[in-house]
Amino acid sequence: TLLPRSIRTRRINMSSAMSATRVFAAAPANATKLGARKAVSSGKPYVAGKSVTRARRSVVSNAASSAPDLDINTKIFEKELVDVAGEGEYIVRGGRHLFEKLPEALAGINTIGVIGWGSQAPAQGQNFRDSLKEAGMDVKVCVGLRPSSKSNDEARECGFTEEDGTLGETFDIIAKSDLVMLLISDAAQAKMYPRILAAMKPGSTLGLSHGFLLGVMQSDGETFREDINVVLVAPKGMGPSVRRLYEQGKDVGGSGINASFAVHQDATGNATDIALGWSIAIGSPFTFATTLESEYRSDIFGERGILLGGVHGIVESLYRRYTKQGMTPTDAFKNTVECITGPITKTISTKGIKAVYEMVPDKKEFMKAYAASYMPCKDILYECYEEVESKNEIRSVVMACERFDTFPMGKVGTSSMWAVGETVRAERVEEDIPVNSFTAGVYCACMMAQIDTLREKGHSYSEVCNESVIEAVDSLNPYMHAKGLAFMVDNCSYTARLGSRKWAPRFDYNLEQQAYVAVDTDAKADPELEQKFLNNPAHIAIANCCALRPSVDISVKFGVGSARDVTDEKFKMGDKATADAK
């Protein structure tokens, strides 16, 4: 049953869209397109509550707010009701001051097993261990890997060892863990989940950071064991960002990566607080509710769109266009990659997408590029979403990983523009990076097309903004800014890396063959696109999400347990992707 709203609930007043008031975005009006969202996050049937009313300073006075689609049934942490444009949603704030509540939230959990050592495992494992220590808890965080895995050496360097029992064989760790954080590759999960589920203790908790496994099991006609909890905590950023911002947060409060969470199955009655304790322990400043199905749809789709594949296709197509128009390779790189990862990213991160339009030197050029690029991008994005929704994209990932022995993942960032980028980065003066109006229009068109697609498919604004905006500008783009495309893409999961490689050429093709041709031939653009962009209600949610960004800019860090150099011969390009550890 739903908790009474008077219990552990604090209502937040929201001011104007650009006020940087620390509130969060809310659920969509058309959420019925995702029927699974009409359930509380404990997995119980949703019961509509009465609308709540509150004064919204500078926006709408006494606007009616719909009840949230997803409740957060916490007995320990404080949930907050926030709303945007009359739509309600619950969030839970994090922070180191809440570590004192971890013993209660994690009651009965004595051993936490971190299974795998890919993008997320080093970050979440180290963050969890550090937080438990700070909370004065003797809960043991253990890493489970194959004995032959080269990742054992990295885990040892991060302080997990056989001697103290914090490093062991995969299934030995699973069998003794009360919380199993399954952070192996998606392909490995698809292959090994029957054995993994069978090895878990009754009453233990299966923790996922991606809903991919649910999609696989649905395709297989399988369900989770009824005697275990199944929860999700999904940081909205790649692992190295999760670790780095957590480290920075030790000195600057509020640093961290937002996370979504879901309770798919609650066998013990306290699965919600276990999941929220996990989210807070790894440094999430804000946690919002979702479902496993909604998460994997938005996540797999998002990384193929503006987060990775979309931005890759954009910069490759624009670089060729600008060099053909007479720009030097250096200037072309500055006006594409540097422009996006520098001033555009910073502006969106702190002020929102609309602020990019307001800052460009030529608004007519921006809108020309925006109007020409929006539909070609949205065409691809709709196809991509429906491929994920139908589970075709999930099957594609599994099959691609099974081919790795014959066809390892090809390298990215090898075209001539990326060699130019090395020189540009070495000589970079941040203040001199140009703001190219055309580049800005194309990039914002793709980002807004992704936002609109997710909204039209029924996703909440919190999920939309995190998967389309915050993850791009606060987690991923800074890595491309630091060391190029491959460094951003290949520090992500296998699923993300494969998706980026598959869909980036589609964006490149549609932009060059449709959008830029329309611009060059002065084709008539949809006159409503400009007004739809300027008046899109998403700007309210985005602006408020920007108020929730990390309190510091991420300082990219290299090395073991953090971001890894993709030129290192040890860097995995697909070998053993279906093994039990990356």
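Residues numbered from 1 in each chain as written. Predicted model: local features only at pLDDT ≥ 70, side-chain atom pairs only at ≥ 80, totals over all residues. Heavy atoms only, no water.

1. Digging into the pattern of salt bridges
- Evaluation of the coordinates by the stated rule reveals 32 salt bridges.
- Between Arg93 and Glu80 there is a salt bridge whose closest N-O contact spans 2.8 Å. A residue pair is termed long-range when its members are at least 10 positions apart, and Arg93 in strand S5 (residues 87-93) and Glu80 in strand S4 (residues 79-84) qualify at 13 residues.
- Given the relative accessible area of 2%, Glu80 is considered buried. (Salt bridge = Lys/Arg side-chain N within 4 Å of Asp/Glu carboxyl O. Helix = DSSP H or I, 4+ residues; strand = E, 2+ residues; numbered from the N terminus. Buried < 20%, exposed > 50% of the residue type's maximum accessible area, 1.4 Å probe, protein only.)

2. Digging into empty space enclosed by the protein
- Within the structure shown, the criterion is met by five cavities of 30 Å³ or more.
- Quantified by volume, the largest cavity comes out at close to 390 Å³.
- Taken together, 28 residues make up the lining of the largest cavity; nearest its centre are Gln120, Ser209, His210, Asp299 and Ser493.
- Taken together, the elements giving at least two residues each to the lining of the largest cavity come down to helix H5 (186-199), strand S11 (229-235), helix H9 (292-304), helix H17 (461-483) and helix H19 (494-520). (1 Å grid on protein atoms, 1.4 Å probe; cavity = no way out; pocket = protein on both sides within 12 Å on 5 of 7 lines; lining within 4 Å. Points joined across faces, edges and corners; volume = space filled by probe spheres on them.)

3. Remarks on H5
- Taking 1.5 Å per residue, 14 residues should reach 20 Å; H5 reaches 18 Å between its end C-alpha atoms and fits that length.
- The largest bend in H5 amounts to roughly 70° and is located at Met192, with the proline Pro194 lying one to four residues further along.
- Every buried residue of H5 is accounted for by Asp186, Ala187, Ala188, Gln189, Ala190, Met192, Tyr193, Ile196 and Leu197.
- Buried positions along H5 lie against helix H4 (170-176), strand S9 (179-182), strand S10 (205-208), helix H6 (212-220), helix H14 (392-402) and H19. (Expected span 1.5 Å × (residues − 1). Bend = angle between axes of the 7 residues up to and from the residue. Contact = heavy atoms within 4.5 Å.)

4. Remarks on the packing of aromatic side chains
- Summed over all chains, the structure comprises twelve aromatic pairs.
- Taking 5.7 Å as the distance between ring centres and 90° as the angle between the ring planes, the aromatic pair formed by Phe333 and Trp418 counts as edge-to-face. One end of the pair, Phe333, is in helix H11 (residues 329-351); the other, Trp418, is in helix H15 (residues 416-426), and 85 residues separate them in sequence. In terms of burial, Phe333 and Trp418 fall into one category: buried.
- Ring geometry for Tyr357 and Phe533: centres 6.0 Å apart, planes at 75°, overall edge-to-face. A residue pair is termed long-range when its members are at least 10 positions apart, and Tyr357 in helix H12 (residues 354-359) and Phe533 in helix H20 (residues 528-534) qualify at 176 residues. Neither residue differs from the other here; Tyr357 and Phe533 are each classed as buried.
- Among the aromatic residues, ring-to-ring pairing joins Tyr357, Phe366, Tyr370, Tyr374 and Phe533 into one connected group. (Phe/Tyr/Trp six-rings, centres within 6.5 Å; stacked < 30°, edge-to-face > 60°.)

5. Notes on the pairing of S10
- Side-chain alternation along S10 places Thr205 and Gly207 on one buried face and Leu206 and Leu208 on a second face that is also buried.
- Both S9 and S10 contribute to a ladder of four bridges, which runs parallel. Among the inter-strand pairings, Leu182 is bridged to a residue of S10, identified as Leu208.
- This β-α-β element, S9 to H5 to S10, shows right-handed connectivity.
- By the bridge criterion, four bridges tie S10 to S11 in an arrangement that is parallel. Bridge pairing in S11 links Leu206 to Val230.
- Since S10 and S11 lie parallel, the crossover through H6 that links them has a hand, and here it is right-handed. (Pairing = 2+ DSSP bridges. Right-handed = clockwise from strand over helix to strand, strands pointing away.)

6. Considerations on the packing of helix H13 (residues 363-389) against helix H16 (residues 437-456)
- Put simply, H13 and H16 touch, their axes get as near as 7 Å, and they point 35° apart. The interaxial crossing formed by H13 with H16 has right-handed handedness. (Axes fitted to C-alpha atoms, helices over the stretch in contact; angles between N-to-C directions. Left-handed = near helix turned anticlockwise from the far one by under 90°.)

7. Considerations on the confidence of the model for the protein chain
- Of all residues in the protein chain, 81% have pLDDT values of 70 or greater, and the mean over the chain is 84.
- In this model, residues 574-582 is a region of pLDDT below 50 whose contacts with residues beyond four sequence positions or in other chains number 41 contacts. (pLDDT = per-residue confidence, 0-100.)

8. Brief notes about H14
- All of the buried residues in H14 are Glu393, Ile394, Val397, Val398, Ala400 and Cys401. The buried side chains of H14 occupy one side of the element, clustering within an arc of 165° when seen end-on.
- For H14, the elements touching its buried residues are H5, H6, H9, H13 and H19. (Arc of directions from axis to C-beta.)

9. Re the side chain of Arg304
- Of note, Arg304 is situated in helix H9.
- Among the polar contacts listed, one links the side chain of Arg304 to the backbone oxygen of Ile300, at a separation of 3.1 Å.
- In terms of polar contacts, Arg304 uses its side chain to reach the side chain of Glu393, at 2.8 Å.
- Discounting residues that sit within four places of it in the chain, Arg304 has contacts with Gly309, Gly310, Cys384, Glu393, Val397, Thr495, Gly499, Trp503 and Phe507. (Polar contact = N/O pair within 3.5 Å; in protein donor to acceptor, adjacent residues only side chain to side chain.)

10. Overview of unusual backbone geometry
- The backbone phi angle of Lys391 is positive, close to 75°, even though this residue is not glycine.
- Residue Lys391 is classed as buried on the basis of its relative accessible area, which comes to 15%.
- Not every positive phi belongs to a glycine, and Asp522 is a case in point at roughly 55°.
- Summarising the element assignment, Asp522 is placed in the loop between H19 and H20.

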